[in-house]
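# Notes for the structure review
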Amino acid sequence: RGRLRCALAIGGTSQRDQASDQVVTSVIALASLALEQNHALDRARGHLRSGLLHMLLNGEVELVAGISEQMWGALPRAPVRLVVARPPTDSVDAIVEYLEVRAQASPLFYAVLDDTVALCVTADADAGLDAFADSFGLRVGISTPHGYDRLHEAWREATLALDDTARDERNVVHFESLSQRGVLAFVGGDGARALGQAILRPLLEHDAAEGSALLHSVRV
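Numbering of residues starts from 1 in each chain and follows the order in which that chain's sequence is written. Restriction of local features to residues with pLDDT of at least 70 applies here, the model being predicted, together with a cutoff of 80 or more for giving and counting side-chain atom pairs; totals for whole chains, interfaces and linings are based on all residues. Note that water and hydrogens are dropped before the side-chain values are worked out from all heavy atoms of the structure.

## A word on the side chain of S177
Each helix is a run of DSSP H or I of at least 4 residues and each strand a run of E of at least 2, with the numbering of both proceeding from the N terminus. For S177, the position within the fold is in helix α6 (residues 175–178). Exposure remark for S177: the relative accessible area of 19% places this residue in the buried category. We call two N or O atoms a polar contact when they sit within 3.5 Å, provided that within protein one can donate a hydrogen and the other can accept it, with sequence-adjacent residues counted only if both atoms are side-chain atoms. Among the polar contacts made by the side chain of S177, one reaches the main-chain carbonyl oxygen of H174 at a distance of 2.6 Å. For every residue, the accessible area obtained with a 1.4 Å probe (protein chains only) is divided by the maximum for its type, and the residue is called buried under 20%, exposed over 50%, and partly exposed between those limits.

## Here we look at helix α1 (residues 18–57)
Multiplying one less than the number of residues by 1.5 Å gives the expected span of a helix. Its 40 residues place the ends of α1 59 Å apart at the C-alpha level, agreeing with the 58 Å of an ideal helix rising 1.5 Å per residue. Within two residues after α1, G59 carries a phi angle of roughly 90°, on the positive side.

## Observations regarding the side chain of R49
Within the secondary structure, R49 sits in helix α1. Working rule for contacts: check all heavy atoms of both residues, and any pair within 4.5 Å makes them a contact. Residues contacting R49, with those up to four places away along its chain left out, are W72, E100, F109, Y110 and A111.

## Some points on the confidence of the model for the protein chain
Per-chain confidence: the protein chain averages 83 in pLDDT, with 90% of residues scoring 70 or above. Summary of the metric used: pLDDT quantifies the predictor's per-residue confidence within the range 0 to 100. The secondary-structure element of the protein chain with the lowest mean pLDDT is helix α4 (residues 126–136), recorded at 79, while strand β1 (residues 80–85) shows the highest, at 92.

## Here's the deal with the sheet that holds strand β3 (residues 116–122)
In a beta sheet, neighbouring strands are held together by backbone hydrogen bonds and run either parallel or antiparallel to one another. By definition, two strands form a pair when at least two bridges between them are found by DSSP. Pairing within the open sheet is mixed, and its 5 strands lie in the order β2-β3-β1-β4-β5. Each of the sheet's edge strands pairs with one partner strand only, and the pair in question is β2 (108–113) and β5 (172–174). Neighbour-to-neighbour, the strand axes of the sheet open up by a mean angle of 20°, direction not taken into account. In this structure, β2 lies alongside β3, joined through 6 bridges in antiparallel fashion. Note that in β3 the partner of V112 across the bridge is V117. Across the sheet, helix α3 (residues 92–103) touches β2 and β3, and the angle it forms with β2 is around 165°. Helix axes are fitted only over the stretch in contact, all axes being lines through C-alpha atoms; the angle between N-to-C directions runs from 0 to 180 degrees.

## Section: the environment of L33
You can see L33 is positioned in helix α1. Under the relative-accessibility criterion, L33 is labelled partly exposed at 48%. Sequence separation of L33 and L52 is 19 residues, and the distance between their C-alpha atoms is 29 Å.

## Considering the pattern of salt bridges
One speaks of a salt bridge when a side-chain nitrogen belonging to Lys or Arg is within 4 Å of a carboxyl oxygen belonging to Asp or Glu. In the structure shown here, the tally under the stated rule is 7 salt bridges. With its nearest N and O atoms 3.8 Å apart, the salt bridge here joins R49 to E100. One end of the pair, R49, is in helix α1; the other, E100, is in helix α3, with 51 residues separating them in the sequence. We classify E100 as partly exposed; its relative accessible area is 29%. One salt bridge connects R201 with E157, and the closest N-O pair in it is separated by 2.8 Å.

## Digging into the packing of aromatic side chains
Think of it this way: a Phe, Tyr or Trp ring, Trp meaning its six-membered ring, pairs with another when their centres are within 6.5 Å, and the plane angle makes it stacked under 30 degrees, edge-to-face over 60, tilted otherwise. Counting across every chain of the model gives 4 aromatic pairs. Taken together, a centroid distance of 6.3 Å and an interplanar angle of 65° make the contact between W72 and F109 edge-to-face. Remark: F109 occurs in strand β2 and W72 occurs in the loop between α2 (61–71) and β1; sequence separation between them is 37 residues. Its relative accessible area of 3% is what places F109 among the buried residues. Seen from their ring centres, Y98 and F136 are 5.3 Å apart, and the 80° between their planes marks the pair as edge-to-face. Placement of Y98 in helix α3 and of F136 in helix α4 is noted, with a sequence separation of 38 residues between them. The class of F136 is partly exposed, set by a relative accessible area of 23%. Sitting over a ring, as applied to charges here, requires NZ of Lys or CZ of Arg to be within 6 Å of the ring centre and within 35 degrees of the ring normal. One cation-aromatic arrangement involves R49 over W72; the distance from NZ or CZ to the ring centre is 4.0 Å. The cationic tip of R49 hangs over the ring face of Y110; the distance from NZ or CZ to the ring centre is 3.9 Å.

Structure (structure tokens):
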């Protein structure tokens, strides 16, 4: 509804006899059936993508990577950014078609979760994200780069950045830009913990790798 699914072009003479009309009618019926079958497959692939993203967020990276490589190709190379948007319901199909085409040309994994479209892209893929937001009039939140084992943190960052687009009336917000306002700007909200963890991440990673106590020093 409201979208052109396909076009059928008929060549030859301008006058068709009954047999020709029957052929055209049969072709229309077969094409319609094929389109519906493809649409059903697209829905199934969409459900699979959603399930795989849930698994990625839960840390099941190896399993998802194997399935993705068999179905669509390798996942984008880590570190990756998570990009989230909440488009109007009537534009989701068009966005999915756009992403399907783009995924054939560049490393990209995408999925639809409830009312959110999520993209997993390489850390240097910023240029195309502005064009993506502009093409569909979307507000977009973008996380900092993460490994797949910490994709749940990327999700929290991206959704926090997305929520911030309404505050500043910007179409695209990077999570890095939120740290410039400081944690105090988010005290009392859900974003304070995510922002604090992002700011302290270098200390946390150093402590984990070296057995140091930098975080304890900061706390003292």
